[in-house]
Amino acid sequence: MTVTPTAMRRLMREIAELQTNPPEGIRVVAGEDNMLDVTGIIQGPEGTPYAGGYFRVKFNFTEEFPAAPPKCRFLSKIFHPNVSSAGEICVNTLKKDWNSSYGIGHILVTVKCLLIYPNPESALDEEAGKLLLEDYESYCARARLITSVHCTPKTRPPEFDTPSAESQPVASGSGSTLTTTSAAASSATAPVPNLVASSSTKSLPGTTPSFTHPLKSSASNTLTTSSSSMSDKSTTKERLTSPSPLGPADSNVAAANPVDPAANLGKAAKRGAGNVPAGMEKRKKALKRL
Amino acid sequence: MAATNLASAMDVDEAAIDEGLYSRQLYVLGHEAMKRMAASNVLIVGLKGLGVEIAKNVILAGVKSVTVYDPEPVEIADLSTQFFLRQEDVGKSRAEAAAPRLAELNAYVPVRNLGGQPGQEITVELIKGFQAVVLCGASLSKQVEINDWTHANGVHFIAAETRGLFGSVFNDFGPKFTCVDPTGEQPLTGMIVSVDKDSEGLVTCLDETRHGLEDGDFVTFTEVQGMTELNGCEPRKISVKGPYTFNIGDTSNLGDYIRGGIFTQVKMPKIIEFKSLRQSLKEPEFFVTDFAKFDRPATLHAGFQALAEFKAQQQRNPRPRNAEDAAQVVSLAKKIDPEADEKVLAELSYQATGDVSPIVAVIGGFVAQEVLKACSAKFHPMVQNMYFDSLESLPSALPTEADCQPIGSRYDGQIAVFGRSFQEKIGNHRQFLVGSGAIGCEMLKNWSMMGLASGPKGKIHVTDLDTIEKSNLNRQFLFRSKDLGQFKAVVAAAAVAAMNPDLVGKIDSKQDPVGPETENVYDQDFFDGIDGVTNALDNVKARLYMDQRCVFYLKPLLESGTLGTKGNTQVIIPHLTESYSSSQDPPEKETPSCTVKNFPNAIQHTIEWSRSEFDNLFVKPLQAVNAYLTEPNYLESNLKYSGQQKEQVEQIVSFLVSDKPLTFEECIIWARLQFEEKYNNSIRQLLFSLPKDAVASNGQPFWSGPKRAPEPLTFDSNDSTHLAYIIAAANLHAFNYGLRGETNPAVFKKVADSVLVPEFTPRSGVKVQINENEPVQNDASAASDGDDWTDLAKKLPSPSSMPGYRLNPVEFEKDDDSNHHIDFITAASNLRAMNYNITIADRHTTKQIAGKIIPAIATTTSLVTGLVCLELYKVIDGKNTLEEYKNGFVNLALPFFGFSEPIAAKKSKYGETDWTLWDRFEFKNDPTLREFVDFFRNQHKLDVSMVSQGVSMLWSSFVGKKKSEERLPMKFSKLVEHVSKKPVPSHTKHLIVEIMASDEEGEDVEVPFIVVRI
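Residues numbered from 1 in each chain as written. Chains lettered and ligands numbered in written order. Predicted model: local features only at pLDDT ≥ 70, side-chain atom pairs only at ≥ 80, totals over all residues. Heavy atoms only, no water.

1. Quick look at the overall build of chain B
Along chain B, the regular secondary structure elements total 32 helices and 33 strands. Taking 31 Å as the expected radius of gyration for a compact globule of 1014 residues, we find that chain B reaches 33 Å, a close match to that expectation. In terms of overall dimensions, chain B has a C-alpha envelope of 100 × 80 × 60 Å along the principal axes. A sequence separation of at least 24 residues applies to 72% of the contacts in chain B between residues at least 6 apart. Looking at chain B as shown, the accessible area adds up to about 41200 Å², and 51% of this sits on carbon and sulfur atoms. Of the charged side chains in chain B, 103 are positive and 134 negative; the average position of the first set lies 3 Å away from that of the second. (Helix = DSSP H or I, 4+ residues; strand = E, 2+ residues; numbered from the N terminus. Rg over C-alpha atoms; globule rule 2.2 N^0.38 Å. Contact = heavy atoms within 4.5 Å. Areas by Shrake-Rupley, 256 points an atom, 1.4 Å probe, with all protein chains shown as cover. Lys, Arg positive; Asp, Glu negative; His and termini not counted. Charge placed at Lys NZ, Arg CZ, Asp CG, Glu CD.)

As structure tokens, then:
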């Protein structure tokens, strides 16, 4: 596996940044002898059935990176509608919505968000999808069980000994001054942007939400930074591939601003961690109503 | 299409198309167009370089017959571009000498020589009976005479000529020519979510997918619910309202739209009215080839007529770089067009006797495609006068008149334009041609005509690891059937050395592919021995690699590629332009895996699925079995980290022990059970989990929009697709086990119908991902399946008990029609398409998508290669400003030419130093890491925070004190070995190192790469 020198340079920078200032609940391991041997570790988000687990995601870069996305799959067993038994992940970020400005951090944050907001509509594991749609409690129980058996180590992985970027002030020294990735680090410490989870009823074109649903509200999170009116299709829709919940798995975790994924990295992580408890409650209610 | 048993009933004109030969071109033109071509007789008059280039491309493409006419004797100067003439042919009739060589190009296309006597021009009588007539270099009066007749008699007419770096083409396909497919693009299609019932019915696409339609396009619909009148409706003309919406006119009297629907573009024929040549001389309609030269067509329209007039008056052409003749041509042209540009006219006159291979290739490739358009009605013809030039290719120091005089050599046509001293430069040039396929063959042909490397210092290196295959013969014109299986680079080199014996011993053929593994072959010495690199590659990976090498060794790189009728060229010049990898086209987006796995809605999705099904059934399990049998402790070591131990062990047990077939009959049974599993059981399982009436989280039906609810298939041995699947799958399975295959359908039918298929019961939800042998309980032991593969593994025989035993994984080969590979993929894809009610695709279409076949045709290759060589003149001249170079983009289907200046190398800055990708730091004598870090601190005030080489991270400031102390004193060669845990190969003389660094303010700065000599 080789990548171009330019891509290598970029990866090197990002890995260094992710290792010195990792985002909340995410760590990156790269081989010293082979920096392309990248594994991400995602801490199961609190308030989800994955809490307590540590999930490993393996990256495979091709020579076309970053024009083409890396191939990513779960090494850890996980019960999740958007992850197949072989670990494949169904997320548009890794396929048709790939943007060459995305990096490792963006992907891991996207996958982490997918743990918080699974999307049964684009199920790879249709039985997990079915369970999520029909019986949320059983889904949680099942996911929790798999998590506890396969992904909950006796001790925390040593990578998590390094504090997250969020929990430490922005270092003024070595790595944090990097042009692109520093944005992630600094924005993560910045106040959480005004996420409009509450505005989930803002009408989406082609759909008429009749009730507040966590999947829906998460989808509308993608609209947070777009101030333009939804009726202006040519501008807003451009970046919103699939606002409908029928859309692909990451419609609910798509970058608020795809142009600057790094900045979003921090925000999304924050959102993921911060919004969960309330979201979980709402989701349970909503799913019961189904 | 080979309807063998029907052959006698078919029209003799409609011979079967040899798909093996025409495979790549069929993906450009399609069967319909090729059938029309197979009914067309083409006449080419004038068989100098341009005529033979056109004839070559038309013959390769495959028409009913090609007839050539040129009774004039061969002159030595003809050899400047006529690659099918040799020194010993001088004095013979051109057509007589070249026709037999043309005839070798394609056994399906008879090549006839119309005969004639020297001095005898073509006549109207002689052109009767042809569907297309091409005049190359005929006198203008003759052109008009012939065209008067063709215009009146429904014969397609093209006149073309080249003069040095100038070319002209005129098309007249008759007063009413019907073009059936003006773009050659696939009809657009997409899913819709609404149609307004209105006098201006607005259609909205699903999920903000761009429809890509243009005003005036036509569409029809399928699967619309509610407004069902739209399904299969007559094509409706649309107007575009936005990227996701379009208008289809009045829908007010139709039903109410409910949901669903797919629009499909319908290609409408276009009628084109051509003017005669007589009329076009007065009222030309210019086709612009370079918008930076927008007034040039008018000047050249007058100029070419002036040359004709000059010839008529003086019975000779203007002499090379002769001012007196040029003045006359200018004044003749000014009478036709007072606005014409005198400088350009003078150049045209100077080069009137010039004949250069790259221009001939450009015009010849272009005209050949126009001939095919005339014969097939496929793609939009050029309307109507085209003028092309590449004056920029002239040397910066213009040659003198004396320098351009003919010297009785085969290069006289090129000397007339560039002069003798530049000819010498061309002769002593040294190029490395990477690839000897389609572009490579054309490139070598042009180079041999140009006399590249014919001088004492000249050298051509060509490499290609491939051997010649049948599908190559359709456009890689240096290869013949007798060469099948031989190395491309060897055969191509020999072929062009025969075309120009000056190249004998000047071409070095290799088979080593370029890549990190061959850096001992293509090393410093090798690059020191060349002046530039020309890529003739078919993949991005090798292009990126060569780009990187050329940047490192500071060599100019000429890059090009084709895709069907589209082509592009790029010039990369050290310290001037950006490099190939600086701006890359985004690769095609992949389909999300859930779409492929559970929710296909297009045939591409089912083909992608069946392609991986092929690997999962006939390749991977067999490889795993072989790995188990050969690699010590395979289960323990290799599977440990896969996260899939149990599944993999199960698979090995199944393929090696429990389900191993002993007879072919068992293979049929296996195939039948596969059918049941894949096209019935798993569909029923999916519908069990997600029933057809399932409701999504938004209250909408789950199975709607892009998600199509599947239906299980019930096996029926009378269904040809069902049976085709069984036949292909059983044969491939048999291959895996070294069992003899079978093709008699009756055998398959009999066995398949007798198979007892176990009753299917869907698994209930909670059991998913749980060991099926365990009771279904929500406790930890039930979910824990990570350990019990050791029990399973006990079923396996020990590798030592089966010495030498191997299974045969299939190696996917798309071009062998008897190996069942594409048959399987087609059947599997179509069965799945039937599950999901997706329109199935034929074998040919499936083969292209599954085999990722890039459509290709000789015309585009010829043209693109010509454009590259026009840039090569500039490289040889050593031009060093951006404005002098051109990157090209063409699409012969439309047709379209576009040129742009190369993009400048991006400037970056550290401290006060500007730098580009072409700059680097250099260290000699294998410094230690400490010396290295100190150098940047002391000399450049840069604080190094990370050092890497290749994929290894050699050192970083946060690596820890212990590691730092260990590594800082190490010399680089040692450090690299230490970290990469691999020895540095002995041929490696330098390492390319990257660093991250910050300046005195602590700001991160980008710096050039670093070369460390070791």
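Picking up after the structure, the text goes on.
2. Things to note about the packing of helix α13 (residues 438-450) of chain B against helix α14 (residues 488-499) of chain B
All names here are of chain B. Their axes nearest at 9 Å, the elements α13 and α14 cross at an angle of 30°. Comparing the axis directions of α13 and α14 gives the class roughly parallel. When you trace α13 past α14, the crossing you get is right-handed. Note on element contacts: α14 touches α13 through Ala492, Val496 and Met499, opposite Leu444, Lys445, Ser448 and Met449. A per-class count over the contact of α13 with α14 returns 5 nonpolar, 1 polar and 1 charged. (Axes fitted to C-alpha atoms, helices over the stretch in contact; angles between N-to-C directions. Parallel < 35°, antiparallel > 145°, perpendicular 65-115°, else oblique. Left-handed = near helix turned anticlockwise from the far one by under 90°. Nonpolar A, V, L, I, M, F, W, Y, C, P; charged D, E, K, R; others polar.)

3. Things to note about the pairing of strand β22 (residues 557-563) of chain B
Residues and elements named next belong to chain B. Counted residue by residue, β22 has 5 buried out of 7 residues, so it is predominantly covered. In the sheet, strand β21 (residues 532-535) pairs with β22 via 2 bridges, with the strands oriented parallel. The partner of Val533 across the bridge, within β22, is Leu557. Sheet topology places β22 next to strand β23 (residues 566-572); 7 bridges connect them, and they run antiparallel. (Buried < 20%, exposed > 50% of the residue type's maximum accessible area, 1.4 Å probe, protein only. Pairing = 2+ DSSP bridges.)

4. What to know about a nonpolar patch on the surface
On the surface, Phe291, Phe889, Leu894 and Phe896 of chain B cluster together to form a nonpolar patch covering roughly 400 Å² of accessible area. Mapped onto the secondary structure, Phe896 of chain B falls in strand β25 (residues 896-900). (Patch = residues over 30% accessible without salt bridge, like charges linked within 9 Å, V, L, I, M, F, W, Y side chains within 5 Å. Salt bridge = Lys/Arg side-chain N within 4 Å of Asp/Glu carboxyl O.)

5. Some remarks on the domain arrangement of chain B
Residue and element names in this part refer to chain B. Looking at the assigned domains, one finds that chain B contains domain 1 (22-179 + 274-294 + 354-389), domain 2 (189-266), domain 3 (420-584 + 858-900), domain 4 (602-760 + 818-837) and domain 5 (908-1013). Computed over C-alpha atoms, the centres of domain 3 and domain 5 are 35 Å apart. The interface is formed by 17 residues belonging to domain 3 together with 10 residues belonging to domain 5. Across the interface of domain 3 and domain 5, roughly 1000 Å² is buried in total on both sides, 69% from carbon and sulfur atoms. When the buried area of domain 3 at its contact with domain 5 is split by residue, Val551, Phe552 and His575 rank highest and sum to 51% of it. Viewed at the interface, domain 5 and domain 3 are joined by 0 salt bridges. (Domains from an automatic or database assignment. Buried area = accessible area lost by both parts, 1.4 Å probe.)

6. Points about the packing of aromatic side chains
Per the stated rule, a full pass over the model turns up 59 aromatic pairs over all chains. Residues Phe366 of chain B and Phe897 of chain B carry aromatic rings whose centres are separated by 5.6 Å and whose planes lie at 50° to one another, so their mutual orientation is tilted. With Phe366 of chain B in helix α10 (residues 357-376) and Phe897 of chain B in strand β25, this pair connects stretches of sequence that are 531 residues apart. Ring centres 5.5 Å apart and planes at 70° place the aromatic pair Phe614 of chain B and Phe812 of chain B in the edge-to-face group. Here Phe812 of chain B lies in the loop between α26 (789-793) and α27 (821-835) and Phe614 of chain B lies in helix α18 (residues 603-618), a separation of 198 residues in the sequence. Site record: aromatic cluster; members linked through ring pairs are Trp609, Phe614, Phe618, Trp670, Phe675, Tyr679, Phe715, Tyr725, Phe812 and Phe824 of chain B. Here the guanidinium or amino end of Lys130 of chain A rests over the ring plane of Phe688 of chain B, the centre of that ring lying 4.7 Å away. Over the face of the ring belonging to Trp609 of chain B we find Arg832 of chain B, whose NZ or CZ atom lies 4.4 Å from the ring centre. (Phe/Tyr/Trp six-rings, centres within 6.5 Å; stacked < 30°, edge-to-face > 60°. Lys NZ or Arg CZ within 6 Å of the ring centre and 35° of its normal.)

7. Observations regarding the sheet that holds strand β4 (residues 71-74) of chain A
Residues and elements named next belong to chain A. Read across the sheet, 4 strands follow the order β1-β2-β3-β4 without closing on themselves; strand pairing throughout is antiparallel. This sheet does not close on itself; its edge strands, each paired only once, are β1 (26-30) and β4. Adjacent strand axes in the sheet meet at a mean angle of 25°, parallel and antiparallel pairs treated alike. Pairing geometry for β1 and strand β2 (residues 38-43), over 5 bridges, is antiparallel.

8. Description of the sheet that holds strand β17 (residues 385-389) of chain B
Residue and element names in this part refer to chain B. Spatial strand order, β3-β2-β1-β4-β5-β6-β17-β16: 8 strands in an open sheet with mixed pairing. Each edge of the open sheet is held by one strand with a lone partner, namely β3 (111-113) and β16 (286-287). Both strand β6 (residues 166-172) and β17 contribute to a ladder of 5 bridges, which runs antiparallel. Paired with Gly167 across the two strands is Phe388, which belongs to β17. Across the sheet, helix α3 (residues 94-103) lies against β2 (65-69) and β3, angled at about 170° from β3, the strand it touches most.

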